[in-house]
Structures are given as C-alpha cells and as structure tokens.
Amino acid sequence: MLYAIICEDHPESLELRKQARPAHLDRLAALQNEGRLLIAGPHPAVDAEDPGAAGFTGSLIVAEFPDLQTAQAWAEADPYHHAGVYARAVVKPFKKVFPQ
C-alpha cells in the first residue's frame, strides 16, 4: 500500500538540511530503485522553485510500504529526522486516484 509521509521542518533548519541531504537522497534513491517511490520533494518556504535562504518548511514522500508500521519506522530512520531537520512527521495511508 502507498503511504504519505508529511514532514514539517524546525524553523531555521536549512543548514542541517543541507548537511543531511546526501544521506536523505540515498534513502529515496533506494526506494526508487526498488520501484516503491511515487513522489518525493520539499516544500519551499516561499513561492519559488529555489527558495534560497528562505529554505524549506518540510517534505512530502509518497511511497509503497508493506504496512503503516513499516512506513512509520522508515520515516523515523530518515537522516533529516536524526539531524534535527524535522519537527514532526505524519504517516498516513494514501490512495492514488490520479493520474491513472
């Protein structure tokens, strides 16, 4: 089943995000290589593709996991979580309707 992992950043965490980004992207690449990643990316803090110093307010990941507990464990093991980037992460089942 698909799960949405909705993360909110701590304020002023851009430098922590930059430091942990390579390890975070490695984990996402592993999901993609397994064919389990639907979409992933950050939420810019301003209405711009590259928010610059404004940074990001969080991230969204939608991926396939066997169950909710596995998705939650994956989210808790994220390098951004361990680096103190994320203030919180919510994991919810997700039903993809579009695109078909």
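See the structure shown above.
A quick note: this is a predicted structure, and the numbers were derived from the prediction, not measured.

Q: Would you explain the layout of surface pockets in this entry?
A: Over the atoms rolls a probe the size of a water molecule, and its path tells where empty space is left. Here the largest pocket defines a volume of roughly 230 Å³. Lining the largest pocket we find 15 residues, and of these Arg17, Arg21, Leu25, Pro42 and Tyr80 sit closest to its centre. Elements supplying a minimum of two residues to the lining of the largest pocket: helix 1 (14–33), strand 2 (37–44) and strand 3 (56–64). For the lining of the largest pocket, the element with the most residues is helix 1, which contributes seven residues. Of the residues assigned to the lining of the largest pocket, the class counts are nine nonpolar, three polar and three charged. Space inside the second largest pocket adds up to approximately 160 Å³. For the second largest pocket, the lining is made up of 14 residues, of which Glu12, Ser13, Leu14, Ala54 and Phe56 are closest to its centre. Elements with a contribution of two residues or more to the lining of the second largest pocket: helix 1 and strand 3.

Q: I keep staring at helix 1 and nothing clicks. Help me out?
A: Because each turn of an α-helix spans 3.6 residues, side chains separated by three or four positions in sequence point in the same direction. For helix 1, which comprises 20 residues, the first-to-last C-alpha distance of 27 Å matches the rise-based estimate of 28 Å (1.5 Å per residue) to within 8%. Residues Leu14, Arg17, Ala20, His24, Arg27, Leu28 and Leu31 constitute the buried set of helix 1. Against the buried residues of helix 1 lie strand 1 (2–9), strand 2, strand 3, helix 2 (68–76), helix 3 (79–83) and strand 4 (86–94). Positioned one or two residues after helix 1, glycine 35 has a phi angle of 75 degrees, which is positive.

Conventions we followed
- Residues numbered from 1 in each chain as written.
- Predicted model: local features only at pLDDT ≥ 70, side-chain atom pairs only at ≥ 80, totals over all residues.
- Heavy atoms only, no water.
- 1 Å grid on protein atoms, 1.4 Å probe; cavity = no way out; pocket = protein on both sides within 12 Å on 5 of 7 lines; lining within 4 Å.
- Points joined across faces, edges and corners; volume = space filled by probe spheres on them.
- Helix = DSSP H or I, 4+ residues; strand = E, 2+ residues; numbered from the N terminus.
- Nonpolar A, V, L, I, M, F, W, Y, C, P; charged D, E, K, R; others polar.
- Expected span 1.5 Å × (residues − 1).
- Buried < 20%, exposed > 50% of the residue type's maximum accessible area, 1.4 Å probe, protein only.
- Contact = heavy atoms within 4.5 Å.

Any functional reading would require information that these geometric values do not contain.
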